[in-house]
Amino acid sequence: MKISQIWTKRKTAKQIKSTLPFCVDGAIRANYCLGFSDNLPYEKVGKNEPVCIADEVPFDIPESWEWVRFSNIIELQSGQDMTPDKYNSTQLGIPYITGASNIANGNVVINRWTEYGKAFAHRGDLLLTCKGTVGSMAVLKEPQVHIARQLMAIRSLSDDIEISYIKIVLET
């Protein structure tokens, strides 16, 4: 049952409270619900009562869609720098991606490797530069890489939300 169906079928606050686990335990952990008799969107955060968020909703969406916070549909992986003795240019280990210099025309350029990876990005993750040259992006095609702290890896938490869509949203 869709979250909007759960909320629009309930009439009293007590009935709505009893349905909250359905709203927060969904595949993408959506915390938004259409509520009460006013048919406006509400958000429940933690143990707080649902709060109307109609002023935050910029436009109407189809009934089969749901409003969600970005943080509820993605996972962020922070990078970690390595000292020069921990990486190489001789292709030993996994690729080590250090920043914007490793992203060209939406593709990842590999010129360093490491056998000591700790901060991993995986195939299908969106790499985003977050220090120095901010905002360069590429979808990772390699099985696994180590990322430096100038990068974040963004991964979708739902098979229903493609990383290419997330990339387009961030580019706009």
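Located above this text is the structure these notes cover.
Thresholds applied
- Residues numbered from 1 in each chain as written.
- Predicted model: local features only at pLDDT ≥ 70, side-chain atom pairs only at ≥ 80, totals over all residues.
- Heavy atoms only, no water.
- Helix = DSSP H or I, 4+ residues; strand = E, 2+ residues; numbered from the N terminus.
- Buried < 20%, exposed > 50% of the residue type's maximum accessible area, 1.4 Å probe, protein only.
- Contact = heavy atoms within 4.5 Å.
- Areas by Shrake-Rupley, 256 points an atom, 1.4 Å probe, with all protein chains shown as cover.
- Polar contact = N/O pair within 3.5 Å; in protein donor to acceptor, adjacent residues only side chain to side chain.
- Core = buried A, V, L, I, M, F, W, Y, C linked by side-chain atoms within 4.5 Å.
- Pairing = 2+ DSSP bridges.
- Axes fitted to C-alpha atoms, helices over the stretch in contact; angles between N-to-C directions.

So, about the overall build of the protein chain. A tally of helices and strands in the protein chain yields 3 helices and 14 strands. Counting over 172 residues, the protein chain shows a buried share of 35%. Sequence separation of at least 24 residues holds for 56% of the intrachain contacts in the protein chain that already meet a minimum separation of 6. Of the roughly 10,500 Å² of accessible surface on the protein chain, 52% is carried by carbon and sulfur atoms.

The topology assignment puts N88 in strand β5 (residues 87–88). Overall, N88 belongs to the buried group, its relative accessible area being 16%. From its side chain, N88 meets the backbone nitrogen of Q91 in a polar contact 3.2 Å long. When sequence neighbours within four positions are dropped, the list of residues in contact with N88 reads N111, R112, W113 and T114.

Of all hydrophobic cores here, the largest spans 11 residues; its members are I97, I103, A119, A121, L127, A138, L140, V145, I147, L151 and A153. Those elements that place two or more of their residues in this core are β13 (144–147) and β14 (151–156). Leave out the neighbours within four places in its chain, and I147 touches Q77, S78, G79, Q80, Y96, I97, A119, A121, L127, M152 and A153. One finds I74, L126, I154 and I161 within the second-largest nonpolar core, a separate group that totals 9 residues.

Within the open sheet, the 4 strands sit side by side as β4-β14-β11-β12. Their pairing is antiparallel. Where the open sheet ends on each side, the last strands, each with one partner, are β4 (74–78) and β12 (137–139). Averaged over all pairs of adjacent strands, the angle between strand axes in this sheet comes to 25°, irrespective of strand direction. Sheet topology places β4 next to β14; 5 bridges connect them, and they run antiparallel. Within β14, the residue paired with E75 across the bridge is R155. In the packing of helix α3 (residues 163–171) onto the sheet, contacts are made with β4, β11 (126–129), β12 and β14, and the angle to β14 comes to roughly 130°.

With mixed pairing, the 5 strands of this open sheet are ordered in space as β5-β9-β6-β13-β10. Each having just a single partner strand, β5 and β10 (120–122) make up the two edges of the open sheet. The sheet contact formed by β10 and β13 spans 3 bridges and is antiparallel. Residue pairing for β13: A121 is matched across the bridge by V145.

For S164, the position within the fold is in helix α3. The exposure class assigned to S164 is partly exposed, which follows from its relative accessible area of 37%. When the C-alpha atoms of S164 and D125 are compared, they prove to be 9.6 Å apart, with 39 residues separating the residues in sequence.

As judged from the 2 bridges shared by strand β6 (residues 94–97) and β13, these two strands associate in the parallel manner. By the bridge assignment for β13, Y96 is matched with H146.

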